[in-house]
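Given next are the chains, with one letter for each unit.
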Protein chains: 6
Amino acid sequence: MRPSGRAADEMRAISIETGFTKHAEGSVLIGFGDTKVLVTASIEERVPPFLRGKGEGWVTAEYSMLPRATHTRGSREAAKGKQSGRTQEIQRLIGRSLRAVTDLKKLGERQITLDCDVIQADGGTRTASISGAWVALRLAVQKLLDSGAIKEDPLTRKVAAISCGIHQGTPVLDLDYIEDSSADADANFVLIEGGHIAEVQATAEGATYDEEGLLRLLRLARMGCTEIFAAQEKAVSR
Amino acid sequence: MRPSGRAADEMRAISIETGFTKHAEGSVLIGFGDTKVLVTASIEERVPPFLRGKGEGWVTAEYSMLPRATHTRGSREAAKGKQSGRTQEIQRLIGRSLRAVTDLKKLGERQITLDCDVIQADGGTRTASISGAWVALRLAVQKLLDSGAIKEDPLTRKVAAISCGIHQGTPVLDLDYIEDSSADADANFVLIEGGHIAEVQATAEGATYDEEGLLRLLRLARMGCTEIFAAQEKAVSR
Amino acid sequence: MRPSGRAADEMRAISIETGFTKHAEGSVLIGFGDTKVLVTASIEERVPPFLRGKGEGWVTAEYSMLPRATHTRGSREAAKGKQSGRTQEIQRLIGRSLRAVTDLKKLGERQITLDCDVIQADGGTRTASISGAWVALRLAVQKLLDSGAIKEDPLTRKVAAISCGIHQGTPVLDLDYIEDSSADADANFVLIEGGHIAEVQATAEGATYDEEGLLRLLRLARMGCTEIFAAQEKAVSR
Amino acid sequence: MRPSGRAADEMRAISIETGFTKHAEGSVLIGFGDTKVLVTASIEERVPPFLRGKGEGWVTAEYSMLPRATHTRGSREAAKGKQSGRTQEIQRLIGRSLRAVTDLKKLGERQITLDCDVIQADGGTRTASISGAWVALRLAVQKLLDSGAIKEDPLTRKVAAISCGIHQGTPVLDLDYIEDSSADADANFVLIEGGHIAEVQATAEGATYDEEGLLRLLRLARMGCTEIFAAQEKAVSR
Amino acid sequence: MRPSGRAADEMRAISIETGFTKHAEGSVLIGFGDTKVLVTASIEERVPPFLRGKGEGWVTAEYSMLPRATHTRGSREAAKGKQSGRTQEIQRLIGRSLRAVTDLKKLGERQITLDCDVIQADGGTRTASISGAWVALRLAVQKLLDSGAIKEDPLTRKVAAISCGIHQGTPVLDLDYIEDSSADADANFVLIEGGHIAEVQATAEGATYDEEGLLRLLRLARMGCTEIFAAQEKAVSR
Amino acid sequence: MRPSGRAADEMRAISIETGFTKHAEGSVLIGFGDTKVLVTASIEERVPPFLRGKGEGWVTAEYSMLPRATHTRGSREAAKGKQSGRTQEIQRLIGRSLRAVTDLKKLGERQITLDCDVIQADGGTRTASISGAWVALRLAVQKLLDSGAIKEDPLTRKVAAISCGIHQGTPVLDLDYIEDSSADADANFVLIEGGHIAEVQATAEGATYDEEGLLRLLRLARMGCTEIFAAQEKAVSR
């Protein structure tokens, strides 16, 4: 029995509110249950130095938790003067995940930055960030297409992410904070619509798992992502 | 004529949504028109080193803008590794303003941190932060009173803040971004319910102003704060 | 009765020694009683990136206290690796104050930096810095005029600053350290010769003040600045 | 055909030289082909703050590349003043991997730090680091057992790591730099002797992969780790 | 012929003004010609962690140049966020030099910090700093003796420093900036009254020198320090 | 009697292994007894800003200790976010020493960086670094000559360094860690083949020394460097 009363393969409610803020080219408040992340996509007509003059674009991400997104207040990274290893690891993952579905040549020599700011945390902030970032990116890319700045759509596939884990011996989908902090194994899957894998990060905590365990988690993840893809589609079709 | 069509002494709509996030002891999303600030109050049972063992508490604030709160994306202070002078100046002002109405002895040896994160900016972010921070602080203090952690209310007066400025020769109330960026003079007033002044910061930009100008701005600010005090009262009475 | 025995509207002795160091284009040791600040003006033939190619100049300031300028040794900001919020707030104020009287177009595409280093502190270091910085800037501008580098004088008005406060219920002029640390309210006024206000920063500490209190402080400040303008005039006329 | 001429399931030569430096409690120079990493294990009789007084130990890791370990000189992180996201991600992975096989209660209230310094890089530096770190840790733990500082062995299982990837459509084992920089997918597996998985990090670059692809990589990794476990055994048995 | 017209073994005028600032336990403005350094000695009743509880004191130094001490403005180390290698090298040298003549046991468990702030630079700032620091330290130690805080004098010998160099083939004493920037070899000697050497730092620039050259520089340095010891004696005898 | 049983004028065994790593243009593992330093020389076709367009090259150095090069683990400078004063002092010394024998005009507009990473420390790490750096630089310069990138040899003289000290009243050569930590005086000499001095850094610790003492140390240093020059010659002749 999961602490939340959910079935093993049951996701939390997914909410996606587009246009949450008005200045960004794409803006989304995504919720996986009580986890709420504000994602904005910002287009800038410049690329990082290593890409200058190559006719290609770049998609990158930054991630942050508001200090009181969590049960106890965490210190603000801007005040400490550096981003933690965890923050950097997550923002690198978000960037890679979105680049896995973006044709950077079709994007042209411009950069889109996805800012993922966690307003409230209850497990799964990185997977909500990736899933919401796709929607924000889609909205921003649409503006480029609508304005004629780009001719061909660089973003033809969806990407989504979900966490799975082994909780008290049972593989479960979409861990919340209580499950996450006591799970035997914790895995984040980044999947691409159509069945391919963009990234797997699976870590044993305490207990380890075997090949069979990994596959069961992957199958749960496929179910979860199917649900997210539907929510993403609905959000961008409005 | 103001760009927004408002009268010279007309505030933007004030919105205060309490309980916007669930973990913090006090949580508020305050809006002054399109300016939206999330303020959380976090209680910690410790005080800064200079107050240890003195039986007194502390109230402090941190302020940040999300990178895409503004028209163009600003760089993230956590990524740059330091807070700007502007950020530090604003968070010092917020802290001082709240301490001006808090009896730190009655608060007991604990600290309340007010995190003001600007979700969307359209001028007046520091004044919305101060006004919202009072509500978040009030909610947190109420929890301490309700739980019996403190006996006497340390927060018996309200504090609010509003900007005024001279725009095309006319003193106007509650500047939005367009007015702010072209104002001849810009002043922020922090006022205490009942008529006293906690802080005045008035800066001439280009043109300067005289004693009469300062007084006209102060009178506008009194009108604005009266409106904010009413909104604060309504928010905490729910 | 003030701790120093001064009358409520009595300034401390003002001393201005020009040419205190030899390399800078302008160099001044200014004293407000026991507060001593060394201000140098340095001309550089370049402007910050946001002004490049616009044909306009820039005036900026940096401020620092020597570690033992004060009663107890403070740690050196260079050793700590960052400037405090107080330092940044003060140097931003100094820069704004000087720009309020400088015609940046007439200055041409060059930058003048005012370095204000507090040798000894006894209250009022920011106001002594601003008042001394005007003299250093005037000397540097004169060199530009004398050499023919600029044709028209970009600095036709004086600016000066003074602190006032409410000490034991009485408004007093030019607070020294003892008064400053126990004042009920503390205000810094930056005034322009001829009667206009460039900046007001008035903060209640403990007690607050009302409109009448603010006006009484402003009138004291006018008296003080008249005296500073005379001392500045004498210093640059030598 | 692989650039190195190796078979798809062929590892590079593994070399493990123990006692490479004399001060550390455990010291190893591990080579996976031309990749050479110096790993030292340092025992300290203190634990991080979050573990104080709990009777448990801690195992952690730090990772660094010497500036000219690579084809072109990289800048020194100590000179830049911060560790890159990549460095932090790798050192967190190494620490987690070693903790997965260490009984922290049996270790007692002390910390063992594994310093992994890459002397020469040719792909697979993180997997060589983990595999070598186990040997260094084993040697340090043996000293604690021999001296009687601990009674029960906290390290009864081996851990090793290897990279696999899809190179020109073929799953291959133990990527060198040339393969790594052109692989379609890149995965690092951390495996525990006996068949369990401690961690999987699999990333698609350009192309993505499916469940079948992931399993084929995992099977190659098992083969590779079997070889590493044998080399580790030989190294600690001398 | 030296640019200044001085004889090869002729020092610049030495000036030592004690009591230049009022808060420090010792305060000196020392001049070697146009080089002017403000040195303050601050007593603190605490020692660095490595000395706690050992009944010994510590003497340390910090060094800084004001930004416009030099011909062109240098950037402020506090603004850059770190001290240069040169600054650190010099402040370590000053600290070592003063500790060479201080009996740290007799000082008792307290620290004296010598802050050396260069007001104006014309070569020899580190040697002026050391020579002035002795005077400031002497004044501070005298306060401890006078107040009875310590019983026995921990500072019974003088220390002074001077630069020498080979300029256009000729060994010369007390290099000014013009000589320093074109010298073939540059040496700083820290000497103890009575004839012993505390430190020699001799560097060839361009040309190198031999044993005979080194001895000739050392003999010049003895002459220079004899003069400085006399000036120090006069300063502390007033 | 020296702790190691060596005669007063006896060096430790010198070992120089060239080609220790494969990517660098020059690579050397140098040992002075148990002190082992890996030095690499990296050629880059760019120069620092102050040399751009002048047709001259630059030689510079970076120095670091691996955390467990020493008896107890030191913290990693990259993790602390800054290089210590000691590190900066040493790397400045290494750079100056190598530049003393390099004709920068003949080198052409390129930079050679000498990275000195201490693998194991037992006293004399800076002198081993300088002595090894010459070999690495020689190998890199030879590649430039062999490829025709430069025509004339910019490095016609050798440079080497050695420490000497006064240990229990006796001047001794090449101090190891035990001697170094208890020496009365400690001196580092950087000498040029043929008899000239590039740099002397002699510091009294506790006791001081006189002219005679300095000369005796210099004579020991000459003997030591003669031995190092021979080992360098042998290393580059292979």
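Sequence order as written defines the numbering, with residues in each chain counted from 1. For this description, chains carry letters from A and ligands carry numbers from 1, given in the order in which they are written. Local features in this predicted model are restricted to residues whose pLDDT is 70 or higher, and side-chain atom pairs enter the listing and the counts only when it is 80 or higher, whereas totals over whole chains, interfaces and linings include all residues. Excluded from the side-chain calculation are hydrogens and water; included are all heavy atoms of the structure.

As annotated in an unreviewed UniProt entry, chain A carries the name Ribonuclease PH and comes from Novosphingobium olei. UniProt positions are given in the numbering used here, feature names are shortened, and annotations may be inferred rather than shown by experiment. UniProt's Sequence similarities (unreviewed entry) comment on chain A is quoted here verbatim: "Belongs to the RNase PH family." For chain A, the Catalytic activity (unreviewed entry) comment in UniProt is given as "tRNA(n+1) + phosphate = tRNA(n) + a ribonucleoside 5'-diphosphate".

(A) Summary view of the overall build of chain A. Helix numbers and strand numbers start at the N terminus; a helix is a DSSP run of H or I with at least 4 residues, a strand a run of E with at least 2. The number of helices and strands found in chain A is 6 helices and 9 strands. By the compact-globule yardstick of 18 Å for 238 residues, chain A fits well, its C-alpha radius of gyration being 18 Å. Residue contacts follow a heavy-atom distance rule, with two residues in contact if any of their heavy atoms lie within 4.5 Å. In chain A, of all internal contacts separated by at least 6 residues, the share reaching a separation of at least 24 is 70%. Here the accessible surface of atoms and residues is derived via Shrake-Rupley with a 1.4 Å probe, and residues count as covered only by protein chains that are part of the display. Of the accessible surface of chain A, which amounts to about 8,600 Å², a share of 49% is contributed by carbon and sulfur atoms. With C-alpha atoms as the basis for the radius of gyration, the globule rule is written as 2.2 Å multiplied by the number of residues raised to the power 0.38.

(B) Quick peek at the pattern of salt bridges. Whenever Lys or Arg places a side-chain nitrogen within 4 Å of a carboxyl oxygen from Asp or Glu, that contact is recorded as a salt bridge. Applying the stated criterion across every chain yields a total of 150 salt bridges over all chains. Across the pair R76 of chain A and D115 of chain B runs a salt bridge whose closest N-O atoms are separated by 2.7 Å. Here R76 of chain A, found in the loop between β4 (58-65) and α1 (77-80), pairs with D115 of chain B, found in strand β5 (residues 111-120), and the two come from separate chains. Look at R76 of chain A and you get buried, because its relative accessible area is 7%. Overlapping salt bridges, with partners in common, bring together R2, R6, R12, D122, D174, D176 and E179 of chain A in one network. Residue exposure (1.4 Å probe, protein chains only): buried if accessible area is under 20% of the type maximum, exposed if over 50%, otherwise partly exposed.

(C) Layout of the UniProt feature "domain: Exoribonuclease phosphorolytic" (unreviewed entry) in chain A. Residues annotated in UniProt with the feature "domain: Exoribonuclease phosphorolytic" (unreviewed entry) correspond here to residues 10-140 and 159-222 of chain A. Helix makes up 30% of residues 10-140 of chain A and strand 31%, and the two end C-alpha atoms of the span are 31 Å apart.

(D) Representation of the environment of A185 of chain D within the structure. Take A185 of chain D: it is sitting in strand β8 (residues 185-192). Once the C-alpha coordinates of A185 of chain D and A202 of chain D are considered, the two residues, 17 residues apart in sequence, prove to be 7.3 Å apart.

(E) The arrangement of the sheet that holds strand β4 (residues 58-65) of chain F in detail. Residue and element names in this part refer to chain F. Any two strands with at least two DSSP-identified bridges between them are counted as paired. Pairing in this open sheet of 5 strands is mixed, and the strands run β1-β2-β3-β5-β4 from one edge to the other. Two strands bound the open sheet, and with one partner strand each, they are β1 (14-18) and β4. Strand after strand, the sheet turns through a mean of 20° between neighbouring axes, direction not considered. In the sheet, strand β3 (residues 35-44) pairs with strand β5 (residues 111-120) via 9 bridges, with the strands oriented antiparallel. Each bridged residue has a counterpart across the sheet, and for K36 the counterpart in β5 is Q120. Angles here are taken between N-to-C directions and fall from 0 to 180 degrees, while the axes themselves are lines fitted to C-alpha atoms, restricted in helices to the stretch in contact. Along the sheet, helix α2 (residues 85-99) contacts β4 and β5; its crossing angle with β4, the most-contacted strand, is approximately 145°.

(F) Just the arrangement of the chains, in detail. Between chain A and chain E there is no contact, and the shortest C-alpha to C-alpha separation is 11 Å. Regarding chain B and chain F, which are not in contact, the minimum distance between any of their C-alpha atoms is 11 Å.

(G) Here's a closer look at the pairing of strand β9 (residues 196-204) of chain B. The buried fraction of β9 of chain B amounts to 8 of the 9 residues, a majority that puts the element mostly inside the structure. With antiparallel pairing between neighbouring strands as the criterion, strand β8 (residues 185-192) of chain B and β9 of chain B make up a hairpin whose turn holds 3 residues, including G194 of chain B at a positive phi of roughly 110°. Sheet analysis places β9 of chain B next to strand β9 (residues 196-204) of chain C, joined by 5 bridges and oriented antiparallel. Following the sheet pairing, Q201 of chain B is matched in β9 of chain C by Q201 of chain C.

(H) Local environment of the relation of the copies chain B and chain A. Here the copies are superposed with least squares, the fitted atoms being C-alpha atoms of residues at a pLDDT of at least 70 in both. Expressed as a screw transformation, the operator carrying chain B onto chain A has a rotation angle of 180° and an axial translation of 0.0 Å, and the superposed copies differ by an RMSD of 0.0 Å. Expressed as a symmetry operation, the mapping of one chain copy onto the other fits a two-fold axis. Mapped onto chain A, 100% of the interface residues of chain B are again interface residues, and the two copies thus contact each other with one and the same surface.

(I) Just unusual backbone geometry, in detail. The phi dihedral of Q168 of chain B falls on the positive side, at around 50°, and the residue is not glycine. Following the sequence through the fold, Q168 of chain B ends up in the loop between β6 (159-167) and β7 (170-173). Taking the relative accessible area as the measure of exposure, Q168 of chain B reaches 65% and is therefore exposed. Positive phi values are uncommon outside glycine, yet D174 of chain E reaches one of about 60°. Within the secondary structure, D174 of chain E is located in the loop between β7 (170-173) and α5 (177-182). Using a relative accessible area of 0% as the deciding quantity, one classes D174 of chain E as buried.

(J) Seen up close, the packing of helix α2 (residues 85-99) of chain E against α2 of chain F. Close contact between α2 of chain E and α2 of chain F brings their axes to 9 Å; oriented N to C, the two are set at 110°. With respect to α2 of chain F, the axis of α2 of chain E lies roughly perpendicular. In the packing of α2 of chain E onto α2 of chain F, the handedness of the crossing is left-handed. Only G85, R86, Q88, E89, R92 and R96 of chain F of α2 of chain F make contact with α2 of chain E, whose side of the interface consists of G85, R86, Q88, E89, R92 and R96 of chain E. For this classification, Asp, Glu, Lys and Arg are treated as charged, while Ala, Val, Leu, Ile, Met, Phe, Trp, Tyr, Cys and Pro are nonpolar and the rest, including Gly, are polar. The residue makeup of the contact of α2 of chain E with α2 of chain F, split by class, is no nonpolar, 4 polar and 8 charged. For classification purposes, angles smaller than 35 degrees are called roughly parallel, those larger than 145 roughly antiparallel, those between 65 and 115 roughly perpendicular, and all remaining angles oblique. In this scheme the handedness of a crossing depends on how the near helix is turned from the far one: anticlockwise by less than a right angle means left-handed, clockwise means right-handed.

(K) Structural context of the interface of chain B and chain A. Taken together, the contact between chain B and chain A spans 38 residues of the former and 38 residues of the latter. Buried area: the sum, over both parts, of the accessible surface (1.4 Å probe) that disappears when the two are put together. At the boundary of chain B with chain A, total buried surface from both sides reaches about 2,900 Å², with 51% on carbon and sulfur atoms. Our enumeration of links across chain B and chain A arrives at 14 salt bridges. The salt bridge involving E62 of chain B is made with R76 of chain A; its shortest N-O contact spans 2.8 Å. In protein, a polar contact means a hydrogen-donor-capable atom and an acceptor-capable atom, both N or O and within 3.5 Å, with residues adjacent in sequence counting only if both atoms are side-chain atoms; elsewhere, any N or O pair within 3.5 Å suffices. Inspection of the chain B/chain A interface yields 22 residue pairs in polar contact (both at pLDDT 80 or more). Among the secondary structure elements, those contributing two or more residues to the side of chain B that touches chain A are β3 (35-44), β4 (58-65), α1 (77-80) and β5 of chain B. Its residues assigned to classes, the side of chain B that touches chain A shows 14 nonpolar, 11 polar and 13 charged.

(L) Representation of the side chain of E179 of chain B in the model. Residues and elements named next belong to chain B. Relative to the helices and strands, E179 resides in helix α5 (residues 177-182). The class for E179 is buried, based on a relative accessible area of 0%. For E179, the contacting residues outside a window of four places in its chain are R2, P3, R6, H167, V172 and D174.

(M) Structural view of the sheet that holds strand β1 (residues 14-18) of chain A. Residue and element names in this part refer to chain A. Across the sheet, 5 strands lie side by side as β1-β2-β3-β5-β4; this open sheet has mixed pairing. Unpaired on one side and paired on the other, β1 and β4 mark the two borders of the sheet. For this sheet, the mean inter-axis angle between neighbouring strands, taken without regard to orientation, is 20°. In the packing of helix α2 (residues 85-99) onto the sheet, the strands contacted are β4 and β5 (111-120), and the crossing angle to β4 comes to about 145°.

(N) Seen up close, the UniProt feature "binding site: phosphate" (unreviewed entry) in chain A. All names here are of chain A. This chain's UniProt record puts "binding site: phosphate" (unreviewed entry) on R86, G124, T125 and R126. Spanning 41 residues, the named residues form one tight spatial group whose C-alpha atoms are at most 13.5 Å apart. You can see R86 is positioned in helix α2. With respect to the secondary-structure elements, R126 resides in helix α4 (residues 125-147). Non-local contacts of R126, meaning those with residues more than four positions away in its chain, are made with R86, I90, L93, N188 and Q201.

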